[in-house]
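Listed below, chain by chain, are the residues.
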Amino acid sequence: MTEATTEQGKTLSELCEYCHGIAREKGFWDKERNVGEALMLVVTEIAEAMEGYRHEDHDNFREEIADAFIRLFDFCGGMGIDIEAEIMKKCAVNKKRPYKHGKIC
Ligand SMILES: [Mg+2]
């Protein structure tokens with residue numbers, strides 16, 4: 001079994017712990033993180049995904065989407081954000097919103 005295969009089936013919280021652990025091992029949390037920079041690095045991964053899409057580089061597109069998630073999971077792990085709980089709370093709010101959230105467009 002490959003490492004990727006053995007790591008499948010993790011919860012979001014486990015992925016946060018896993019991705020944050022790797023980032024810590026690689027020294028990205030040796031100093032206090034700049035929150036704005038960490039958030040913008042997620043945006044850069046999305047921009048890289050867009051470039052992959054534009055160039056019809058499907059492997060790169062998928063890899064950059066993964067990078068964006070990895071950065072978010074790492075961030076949540078480092079900031080102590082219970083992303084499973086936050087997603088469920090926000091989905092409960094969204095379910096109560098009107099069709100297209102009340103927007104006409
Ligand atoms: Mg990337």
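Just above sits the structure.
Residues numbered from 1 in each chain as written. Predicted model: local features only at pLDDT ≥ 70, side-chain atom pairs only at ≥ 80, totals over all residues. Heavy atoms only, no water.

Q: So what's going on with the coordination of the magnesium ion? Which residues, and what values?
A: For the magnesium ion, every protein donor is listed as Glu45 (OE), Glu48 (OE), Glu64 (OE) and Asp67 (OD), and the spread of their distances is 2.1 to 2.3 Å. The sequence pattern formed by the donor residues of the magnesium ion is E-x2-E-x15-E-x2-D. One end of the pair, Glu45, and the other, Glu48, are both in helix 3 (residues 35–54), three residues apart, so they sit about a helical turn from each other. The class for Glu45 is buried, based on a relative accessible area of 5%. (Donors = N, O, S within 2.8 Å, 3.2 Å for Na, K, Ca; no water. Helix = DSSP H or I, 4+ residues; strand = E, 2+ residues; numbered from the N terminus. Buried < 20%, exposed > 50% of the residue type's maximum accessible area, 1.4 Å probe, protein only.)

Q: Now, about the packing of helix 2 (residues 12–25) against helix 5 (residues 83–96): what can you tell me, with residues and values included?
A: At a minimum axis separation of 8 Å, helix 2 and helix 5 run at an interaxial angle of 140 degrees. Overall, the two elements helix 2 and helix 5 adopt an arrangement that is oblique. Contacts from Leu12, Ser13 and Cys16 of helix 2 reach helix 5 at Ile83, Glu84 and Ile87. Its residues placed into classes, the contact of helix 2 with helix 5 shows four nonpolar, one polar and one charged. (Axes fitted to C-alpha atoms, helices over the stretch in contact; angles between N-to-C directions. Parallel < 35°, antiparallel > 145°, perpendicular 65-115°, else oblique. Contact = heavy atoms within 4.5 Å. Nonpolar A, V, L, I, M, F, W, Y, C, P; charged D, E, K, R; others polar.)

Q: Help me get a handle on the side chain of Asp74, residues and values and all.
A: Tracing the backbone through its elements, the reader meets Asp74 in helix 4 (residues 58–79). Ignoring anything within four residues of it in the chain, the contact list for Asp74 reads Cys19, His20, Ala23, Trp29 and Arg33.

Q: Kindly report on the nonpolar core, identifying the contributing residues and their values.
A: Core analysis: the biggest nonpolar cluster contains five residues, these being Cys16, Cys19, Phe73, Cys76 and Ile83. Those elements giving two or more residues to this core turn out to be helix 2 and helix 4. (Core = buried A, V, L, I, M, F, W, Y, C linked by side-chain atoms within 4.5 Å.)

Q: How would you explain the packing of aromatic side chains if you had to name every residue and give the values?
A: All chains considered together, the criterion is met by two aromatic pairs. Relative to Phe73, the ring of Phe69 lies with its centre 5.9 Å away and its plane at 35 degrees, an arrangement referred to as tilted. Of this pair, Phe69 and Phe73 both sit in helix 4, four residues apart, which is roughly one turn of that helix. A cation sits over an aromatic face here: Lys10 above Tyr18, 5.1 Å from the ring centre. Geometry around Trp29 places Arg33 over its ring, the cationic atom sitting 5.2 Å from the centre. (Phe/Tyr/Trp six-rings, centres within 6.5 Å; stacked < 30°, edge-to-face > 60°. Lys NZ or Arg CZ within 6 Å of the ring centre and 35° of its normal.)

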